[in-house]
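Each chain is listed here by its residues.
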There are 6 protein chains.
Amino acid sequence: MSTPTPATPPRYPAPEIQDLPEDIRAKVLEVQEKAGFVPNVFLAFARRPAEWRAFFAYHDALMLPESVGRESGLTKGEREMIVTTTSAANNCLYCVVAHGAILRIYEKKPLVADQVAINYRKADISPRQRAMLDFAMKVCQRSDEVEEADFAALHAHGFAAITAFFGLSNRMASFSGMMPNPEFYLMGRAPKAKPAA
Amino acid sequence: MSTPTPATPPRYPAPEIQDLPEDIRAKVLEVQEKAGFVPNVFLAFARRPAEWRAFFAYHDALMLPESVGRESGLTKGEREMIVTTTSAANNCLYCVVAHGAILRIYEKKPLVADQVAINYRKADISPRQRAMLDFAMKVCQRSDEVEEADFAALHAHGFAAITAFFGLSNRMASFSGMMPNPEFYLMGRAPKAKPAA
Amino acid sequence: MSTPTPATPPRYPAPEIQDLPEDIRAKVLEVQEKAGFVPNVFLAFARRPAEWRAFFAYHDALMLPESVGRESGLTKGEREMIVTTTSAANNCLYCVVAHGAILRIYEKKPLVADQVAINYRKADISPRQRAMLDFAMKVCQRSDEVEEADFAALHAHGFAAITAFFGLSNRMASFSGMMPNPEFYLMGRAPKAKPAA
Amino acid sequence: MSTPTPATPPRYPAPEIQDLPEDIRAKVLEVQEKAGFVPNVFLAFARRPAEWRAFFAYHDALMLPESVGRESGLTKGEREMIVTTTSAANNCLYCVVAHGAILRIYEKKPLVADQVAINYRKADISPRQRAMLDFAMKVCQRSDEVEEADFAALHAHGFAAITAFFGLSNRMASFSGMMPNPEFYLMGRAPKAKPAA
Amino acid sequence: MSTPTPATPPRYPAPEIQDLPEDIRAKVLEVQEKAGFVPNVFLAFARRPAEWRAFFAYHDALMLPESVGRESGLTKGEREMIVTTTSAANNCLYCVVAHGAILRIYEKKPLVADQVAINYRKADISPRQRAMLDFAMKVCQRSDEVEEADFAALHAHGFAAITAFFGLSNRMASFSGMMPNPEFYLMGRAPKAKPAA
Amino acid sequence: MSTPTPATPPRYPAPEIQDLPEDIRAKVLEVQEKAGFVPNVFLAFARRPAEWRAFFAYHDALMLPESVGRESGLTKGEREMIVTTTSAANNCLYCVVAHGAILRIYEKKPLVADQVAINYRKADISPRQRAMLDFAMKVCQRSDEVEEADFAALHAHGFAAITAFFGLSNRMASFSGMMPNPEFYLMGRAPKAKPAA
């Protein structure tokens, strides 16, 4: 069973790490250190550095609010749950696989990513999370119909902003043919092998 | 990390194996022997034995054609690829997870099930398989528009019949709240551990 | 006014009655005896006997539950009402015409088949039947959204299973170009001429 | 088998014939004379005489062009075929039943009305009529996308205007709860009984 | 900044004013006198005089009810609000621009036309007008689902008939490639320059 | 004719200019200096400064590529044309009005913004711009279906990225109830009054 190759090469060849601007290379190497590989999104967007910087600045402001000094009413896992569900609604291969992997890890639930991606109404989640995803799906699919009554749910800004941001990144990933790294598919599915004593 | 419980119990309680009619119990035990667990679909439909028998007879006639003496132009993996893609289009949790697992095993490609479920246009499949899935999606979503020109693809009957059959079973599974067995989620993702010598 | 011929011949030529396997031929002749003609569906699927047997076994388990020893909360007419409405939602020519004919006869209402096929919300049916069709349409068109609250309606399993089954047969009929027998179009519309004494 | 009553009375009570303005009453009586009954549309809209006059003036200008001195490239049957197909796409009970009856009579084809209403792609019609209905469906459902290339078909104005007019009348009939007269359901289905010699 | 020319000439050349039938020419000249230009719709439909007469008779019966002796529960501005919203839902360039201009003038609100055309849920209108537009949109997009409960809103007939009429005229305008006169785009946006004293 | 007030106040009160972080305040005052007013988007997002900075960094990287040292194959007007068309497809009131105003100014065509917003197929634009908008609409509405063949059009990255970015900002604006400044509605519609000499 060899490493699968993507059906089609991504539309835009990614630059080599050593050719990246200093600040971008530093961030990429940091991620590689932590994850053990470089998620494709970090290279795919690097052809155009100004967009790369804005994209990850936006991403971090929403997904890592503490990094910008903001407290969030959502757990890390809930944020990734919104991303995975939104990305599935947009049929975005890269984002469902990559963020689904992170969701499994944060929530410590190896099945939840597949569940919300296929049909969040059947997922093993709390009623609060269900309401959160109902709202996110409205922002995703019918944002022009969002009205006062939809705001009973708490932390609506966070829900909506994350969904809106992936209204951008899902389209970028799909359009550019970005493929998920093979590593993502398995992450968080099985208990991590304990290091041998 | 404990075994997850479904968000909601299935609508109809499944009967106990020992209470099943003889022929059904035999088939269930045979599957359990082979798979190591009883896939939920075998118990979920057993409350109504006549439907159970018809359902699996139909399933086998399409998915195991050699069992009824018919030769098929589709490989086992291709049949499961149609099922997984159709079930994803119908947002059927049980069928995407269970048949996705079998697809990974038959195709020996640990990523392909997630790929076709999320966006088959980006999947690592052959042009022939892509044409097969385009046709299956038309039968799935706009069967009234199928016309002569759609039949350039080979083996159209097989494609269409499988998709149509899951037009039935996806609805049954979704409606009855059938949940995938946890075992399915991991099947075929990693190389099987070799038995210790 | 001659017998109309179908716009296009069906895609797959039907076998001759005398060439059918014994059990299938017996059933076909029995139907012909009762109806005065052989409904096309009995021959169209007979090319592949294992599927034929499973299809009619499934059909009978749902549509003739007493034949498998099950009591149903639905009348025969109500079952056909679900079939006709489902088939119209799927734009299936064969099933709307053939099951619409049977619906007229069971319900003794010569107009009801056209009414439910065109717009069941305007049909001359009981509130209970209206609720039944609302639920069936949800299973037909958005089965992934069916939830607890939808089950207030009685006999939900029967409703859903019938609709799901025709999620299969509508696609088979449309895809294979099966045409309704001309006899169906007129059945049940006018009081039967009494046989001359 | 008694005359069915509509599920719900029409929203707006129709006026009595003797209370109608002179010109409207004359037209109604003329139709009654010819058809043997008064089609409900003639009374349903008569509450508001100015709209009644404009509606039938428009109807006649399109459906009876010779009555306004215009020659048409469409046969009477083709015009009714467009109406029946358009009305089915809009799920309008009154118009499908009433115009379907007239279509059967003009075309002398007892099955064609049901065929185009359920799935015109399967109907027993000529290639020219098929192209005509494809175009009419585009005007009906996506008129904003009609472009130069769609005009290869002949007599596009007539096609489009008829479809557009029933974009009005289907909505009026559905909204006001207008029900088809029972007579329409059977018209043109069986050869007319010859008068006894 | 020169006068823009339409991207494509309208499909059917409009007749010259002097060639029109007497009654039509009189009406056209009257409109020109009042508006300062001839709105394209008056010439575009004039090729077929019987349809022209019926179209404007219908239009006036609905939009100028006092001209046919009927009292209306809707203000002139509300009628145009329904037209503009309906036409935007149908993506009809001519009608949104032309009726949006009249809406601005009647309502004396220079922003309201753009608001209802883009998203009426965000428009600066009264709750009664919002309910009116919700109902009109149901007639426009799902008239087959209109039911008793939708009639809580007052003056439903007027709402529905106007929406239905533009279900006709939007299709005619889009199909025929009718372009709005440039004058319409600016009308009612800025306070009218007072005539110099 | 007084300044219209929004139907509903925006969901989140905007901060006062003097309370903004230094860098944001500077940018806001610069825009106010140039435009004569502060477009609401500059204040609406300022409650959360990290998102504000990322949003405008992204916006500028796409819409003002020269500001980040990138050369673009699109004119300024074409970029705004994509934004206006995308925003109309998403029914976003703020973005259609604000970017429509800028589009009119850049293209020096007072009608083009309304045209692309209502139906870009009827707009007075070049064939190249039409192809550009067709592609942008595919990214906007069916990004998962974008494939090799869609890339015949030039500068696809720019098209797609802009559309994707407004897949974010349209949702943010709609969700948060952001209203367009009244100034936008009239901008670019009439020749600028020359300053009195």
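The structure under discussion appears in the preceding block.
Just so you know, these numbers come straight off a predicted model, no measurement behind them.

A. The arrangement of the relation of the copies chain E and chain F in detail. Each copy superposes on the other: chain E lies on chain F with an RMSD of 0.0 Å after a rotation of 180° and an axial shift of 0.0 Å. Taken together, the rotation and translation relating the two chain copies correspond to the operation of a two-fold axis. Both copies present the same face, since 100% of the interface residues in chain E are matched by interface residues at the equivalent positions in chain F.

B. Representation of the packing of aromatic side chains. This model, assessed by the stated rule, comprises 36 aromatic pairs over all chains. Judged by centre distance (4.9 Å) and plane angle (85°), the ring pair of A:Phe45 and A:Phe55 falls under edge-to-face. Residue A:Phe45 is located in the loop between α2 (40–44) and α3 (49–63), and its partner A:Phe55 is located in helix α3; the two are separated by 10 residues in the primary sequence. Across the pair, A:Phe55 and A:Phe45 agree in class, each one buried. In this structure an aromatic cluster arises from ring pairing among A:Phe42, A:Phe45, A:Trp52, A:Phe55, A:Phe56 and F:Tyr58.

C. Summary view of the pattern of salt bridges. The tally for this structure, following the rule as stated, stands at 60 salt bridges over all chains. For B:Arg25, the salt bridge identified is with B:Glu22, shortest N-O distance 2.6 Å. Here the residue B:Arg25 and the residue B:Glu22 both occupy positions in helix α1 (residues 22–35), the gap between them amounting to three residues, near one helical turn. With a relative accessible area of 53%, B:Glu22 lands in the exposed category. A salt bridge links C:Glu51 to C:Arg48; the nearest nitrogen and oxygen atoms lie 2.8 Å apart. Both residues of the pair, C:Glu51 and C:Arg48, belong to the buried class. A single network of salt bridges, built from pairs that share partners, joins A:Arg121, C:Arg142, C:Asp144 and C:Glu145.

D. Region of interest: the relation of the copies chain F and chain A. Each copy of the sequence occupies a distinct position, and chain F is placed on chain A by a rotation of 180° and an axial shift of 0.0 Å, giving an RMSD of 0.0 Å. Interface residue correspondence from chain F to chain A reaches 100%, placing this contact among same-surface, isologous pairings.

E. Representation of the interface of chain E and chain F. With 30 residues of chain E at the interface, the matching set in chain F holds 30 residues. Of the roughly 2,700 Å² buried where chain E meets chain F, counting both sides, 70% is carbon and sulfur surface. Along the contact surface separating chain E from chain F lie zero salt bridges. At the junction of chain E with chain F, the criterion picks out two residue pairs in polar contact (both at pLDDT 80 or more). Among the secondary structure elements, those contributing two or more residues to the side of chain E that touches chain F are α5 (93–107), α6 (112–119) and α9 (182–186) of chain E. The element contributing the most residues to the side of chain E that touches chain F is α6(E), with four residues. Grouping the amino acids of the side of chain E that touches chain F by side-chain chemistry returns 19 nonpolar, six polar and five charged.

F. Structural context of the packing of helix α4 (residues 76–89) of chain A against helix α6 (residues 112–119) of chain A. Residue and element names in this part refer to chain A. The N-to-C vectors of α4 and α6 enclose an angle of 40°; their axes lie 8 Å apart at closest approach. If you check the angle between α4 and α6, you find them oblique. Crossing of α4 over α6 shows right-handed handedness. Between α4 and α6, the residues in contact are Met-81, Thr-84, Thr-85 and Ala-88 and Val-112, Ala-113, Val-116 and Ala-117, respectively.

G. Broad picture of the interface of chain F and chain A. Contacts between chain F and chain A engage 39 residues on the former and 39 residues on the latter. Of the roughly 3,500 Å² buried between chain F and chain A, counting both surfaces, carbon and sulfur atoms make up 62%. Applying the counting criterion to the chain F and chain A interface returns two salt bridges. F:Arg70 is the salt-bridge partner of A:Glu51, the closest N and O atoms lying 3.7 Å from each other. One can count two residue pairs in polar contact (both at pLDDT 80 or more) joining chain F with chain A. The dominant element in the side of chain F that touches chain A, judged by the number of residues it contributes, is helix α8 (residues 156–176) of chain F, at 14 residues. When the residues that make up the side of chain F that touches chain A are grouped by side-chain class, the tally is 22 nonpolar, eight polar and nine charged.

H. Fine view of unusual backbone geometry. All names here are of chain A. A positive phi angle, close to 55°, is found at Asn-91, a residue other than glycine. Position of Asn-91 among the secondary structure elements: in the loop between α4 and α5 (93–107). Residue Asn-91 is classed as partly exposed on the basis of its relative accessible area, which comes to 26%.

About the cut-offs
- Residues numbered from 1 in each chain as written.
- Chains lettered and ligands numbered in written order.
- Predicted model: local features only at pLDDT ≥ 70, side-chain atom pairs only at ≥ 80, totals over all residues.
- Heavy atoms only, no water.
- Least-squares fit on C-alpha atoms with pLDDT ≥ 70 in both.
- Contact = heavy atoms within 4.5 Å.
- Phe/Tyr/Trp six-rings, centres within 6.5 Å; stacked < 30°, edge-to-face > 60°.
- Helix = DSSP H or I, 4+ residues; strand = E, 2+ residues; numbered from the N terminus.
- Buried < 20%, exposed > 50% of the residue type's maximum accessible area, 1.4 Å probe, protein only.
- Salt bridge = Lys/Arg side-chain N within 4 Å of Asp/Glu carboxyl O.
- Buried area = accessible area lost by both parts, 1.4 Å probe.
- Polar contact = N/O pair within 3.5 Å; in protein donor to acceptor, adjacent residues only side chain to side chain.
- Nonpolar A, V, L, I, M, F, W, Y, C, P; charged D, E, K, R; others polar.
- Axes fitted to C-alpha atoms, helices over the stretch in contact; angles between N-to-C directions.
- Parallel < 35°, antiparallel > 145°, perpendicular 65-115°, else oblique.
- Left-handed = near helix turned anticlockwise from the far one by under 90°.

By themselves, these figures tell us nothing about what the structure is for.
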